[in-house]
Amino acid sequence: VRIAFLPYKSFLDRNALCSDLVVDALVFVDLVVRVNTAYRTHRATWTTKRLKILRKLPIAAIVAPLPFDWAGYLCGASNELACWLRLPKVLLAMATRSGSQKGKQSAQREKLEAMLKLVMMMLHCAACIWQLI
């Protein structure tokens, strides 16, 4: 919501900080958990070395905890630009969802998800047009 509609007048609004700081902390904890979780290789051995685990992570999981939004705000960026710099956190959610969907899926479910994405995109575009009017 904060990225698309800018509901707060300042980047340091108290209500915005209540949600943003919690999300920032959870994204950082997510990275720590991912780096400390072993995975099984194709040879059926467990990899526990953090550097090897880090190489297997999606780039969104590594970039999302970086405070681009705070760096932008402290460098003098506008409220709108600083909010847009929170986008890597949204991309992390999308990358996590698409990464977890690699299992067996029926064709019907894939079609339903594609249709829902299209409907949500259309509703978003309609809301943007409504906001401009």
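Figured I'd write up the structure that's included with this text. (Residues numbered from 1 in each chain as written. Predicted model: local features only at pLDDT ≥ 70, side-chain atom pairs only at ≥ 80, totals over all residues. Heavy atoms only, no water.)

### Quick notes on the environment of Arg50
Phase 1 of the analysis: Secondary-structure assignment places Arg50 in helix H3 (residues 50–56).
Phase 2 of the analysis: On a C-alpha basis, the gap between Arg50 and Asn36 in space is 6.7 Å, while along the polypeptide they are 14 residues apart. (Helix = DSSP H or I, 4+ residues; strand = E, 2+ residues; numbered from the N terminus.)

### Points about the side chain of Asp24
Phase 1 of the analysis: Relative to the assigned elements, Asp24 resides in helix H2 (residues 14–35).
Phase 2 of the analysis: For Asp24, a relative accessible area of 16% translates into the label buried.
Phase 3 of the analysis: In this structure the side chain of Asp24 is engaged in a polar contact, spanning 3.3 Å, whose partner is the side chain of Trp70.
Phase 4 of the analysis: Asp24 has contacts with Asp69, Trp70, Arg86 and Lys89, leaving out every residue within four places of it along the chain. (Buried < 20%, exposed > 50% of the residue type's maximum accessible area, 1.4 Å probe, protein only. Polar contact = N/O pair within 3.5 Å; in protein donor to acceptor, adjacent residues only side chain to side chain. Contact = heavy atoms within 4.5 Å.)

### Examining the pattern of salt bridges
Phase 1 of the analysis: In this structure the tally under the stated criterion is five salt bridges.
Phase 2 of the analysis: For the salt bridge of Arg34 with Asp30, the shortest nitrogen-to-oxygen distance reads 3.0 Å. Of this pair, Arg34 and Asp30 are both found in helix H2, four residues apart, which corresponds to roughly one turn of the helix.
Phase 3 of the analysis: A relative accessible area of 25% means that Asp30 is categorised as partly exposed.
Phase 4 of the analysis: Each member of the salt-bridge network shares a partner with another, and the members are Asp20, Asp24, Asp69, Arg86 and Lys89. (Salt bridge = Lys/Arg side-chain N within 4 Å of Asp/Glu carboxyl O.)

### Regarding the packing of aromatic side chains
By convention here, two paired aromatic rings are described through the distance between centres and the angle between planes.
Phase 1 of the analysis: Per the stated rule, a full pass over the model turns up two aromatic pairs.
Phase 2 of the analysis: Judged by centre distance (5.0 Å) and plane angle (80 degrees), the rings of Phe11 and Trp70 are edge-to-face. With a gap of 59 residues between them, Phe11 in the loop between helix H1 (2–5) and H2 and Trp70 in helix H5 (residues 68–74) connect regions that are remote in the sequence.
Phase 3 of the analysis: With relative accessibility at 2%, the residue Phe11 sits in the buried group.
Phase 4 of the analysis: Looking at Trp70, the relative accessible area reads 22%, which means it is partly exposed.
Phase 5 of the analysis: Ring centres of Phe11 and Tyr73 lie 5.0 Å apart, and the angle between their planes is 20 degrees; on these two criteria the pair is classed as stacked. Taken together, the residues span a long stretch of sequence, with Phe11 in the loop between H1 and H2 and Tyr73 in helix H5 at a distance of 62 residues.
Phase 6 of the analysis: Using a relative accessible area of 27% as the deciding quantity, one classes Tyr73 as partly exposed. (Phe/Tyr/Trp six-rings, centres within 6.5 Å; stacked < 30°, edge-to-face > 60°.)

### Some remarks on a positive patch on the surface
Phase 1 of the analysis: A cluster of like positive charges, contributed by Arg43, Lys49, Lys52 and Arg55, occupies part of the molecular surface.
Phase 2 of the analysis: On the secondary structure map, Lys52 appears in helix H3. (Patch = residues over 30% accessible without salt bridge, like charges linked within 9 Å, V, L, I, M, F, W, Y side chains within 5 Å. Areas by Shrake-Rupley, 256 points an atom, 1.4 Å probe, with all protein chains shown as cover. Lys, Arg positive; Asp, Glu negative; His and termini not counted. Charge placed at Lys NZ, Arg CZ, Asp CG, Glu CD.)

### Some details on a nonpolar patch on the surface
Phase 1 of the analysis: There is a patch of nonpolar side chains on the surface, built from Leu81, Trp84, Leu87, Val90, Leu91 and Met94 and spanning about 540 Å² of accessible area.
Phase 2 of the analysis: Elements with a contribution of two residues or more to the nonpolar patch: helix H6 (79–84) and helix H7 (87–100).
Phase 3 of the analysis: Ranked by residues supplied to the nonpolar patch, first place goes to H7 with four residues.
Phase 4 of the analysis: Checked against the element boundaries, Leu81 lands in helix H6.
Phase 5 of the analysis: By relative accessible area, which is 45% here, Leu81 ends up partly exposed.

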